[in-house]
Amino acid sequence: MIVFSISDIHNVEGLSLKGTLSAEFLSTNQELSKICKDEIDYNLQIIEISENILVTGEISTTISENCTKCLESFKQPIKNNNINLLIEKPEKEVDLSELLRDELTYLFPIYPICCESCKGLCSLCGGNLNNKNCKCILEVFETEEKNPWDALENLSI
Ligand SMILES: [Zn+2]
Ligand SMILES: [Zn+2]
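Residues numbered from 1 in each chain as written. Chains lettered and ligands numbered in written order. Predicted model: local features only at pLDDT ≥ 70, side-chain atom pairs only at ≥ 80, totals over all residues.

> Run through the environment of Gly-120, naming residues and quoting values.
Relative to the helices and strands, Gly-120 resides in the loop between α2 (97-107) and α3 (136-145). Separated by eleven residues in the primary sequence, Gly-120 and Asn-131 have C-alpha atoms spaced 9.9 Å apart. Beyond its immediate sequence surroundings of up to four residues, Gly-120 is in contact with Lys-69, Cys-70 and Leu-129. (Helix = DSSP H or I, 4+ residues; strand = E, 2+ residues; numbered from the N terminus. Contact = placed C-beta atoms within 7 Å.)

> Provide a residue-level description of the nonpolar core, including the pertinent values.
In this structure, Tyr-42, Val-55, Ile-59, Leu-96 and Leu-100 are the most contacted members of the largest nonpolar core, which totals 16 residues. Contributions of two or more residues to this core are made by β3 (40-49), β4 (52-66) and α2. Contacts of Leu-100, omitting those with residues within four sequence positions, involve Ile-2, Tyr-42 and Ile-59. (Core = buried A, V, L, I, M, F, W, Y, C linked by C-beta atoms within 7 Å. Buried ≥ 20, exposed ≤ 12 C-beta atoms within 10 Å, placed from the backbone.)

> Tell me about the pairing of strand β2 (residues 15-21), and please be specific about residues and values.
Of all the seven residues making up β2, zero are buried; the element is thus mostly uncovered. As judged from the seven bridges shared by β2 and β3, these two strands associate in the antiparallel manner. Paired with Leu-21 across the bridge in β3 is Ile-40. (Pairing = 2+ DSSP bridges.)

Purely spatial values, then, with no claim about function.
This is the structure we're talking about:
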């Protein structure tokens, strides 16, 4: 929970909130808690602007996903260092939890890839092309390259 009281916001300096949340923070969102089991770091600055409050700063964590190309699980740090939320000033307390959960959601890749150069799976043997150099493509290539007259040469007439 990231909650603070309006009276904590200093007229001049505003309010700085910095801390670490356990992955529990995301437990209200099934999708998020499935792929994010790491702590969440936040560093926020809050100021009052007449009837609103402006929240800026950053939030980051690490997600564990399965690569959509090679299907291997991998970890990826995600970070929003440009949070910019203008919200209506409530009477007493502000709860930023839901808003920040949303900010994290936007960072989750729709098609996660373990790395830019991921080679994916071999369409012939299903092996992970990143780990082993499967010979499938090579074999197909060699078969095609084979000279059809070779067989004739071996014939003893
Ligand atoms: Zn991959
Ligand atoms: Zn293969």
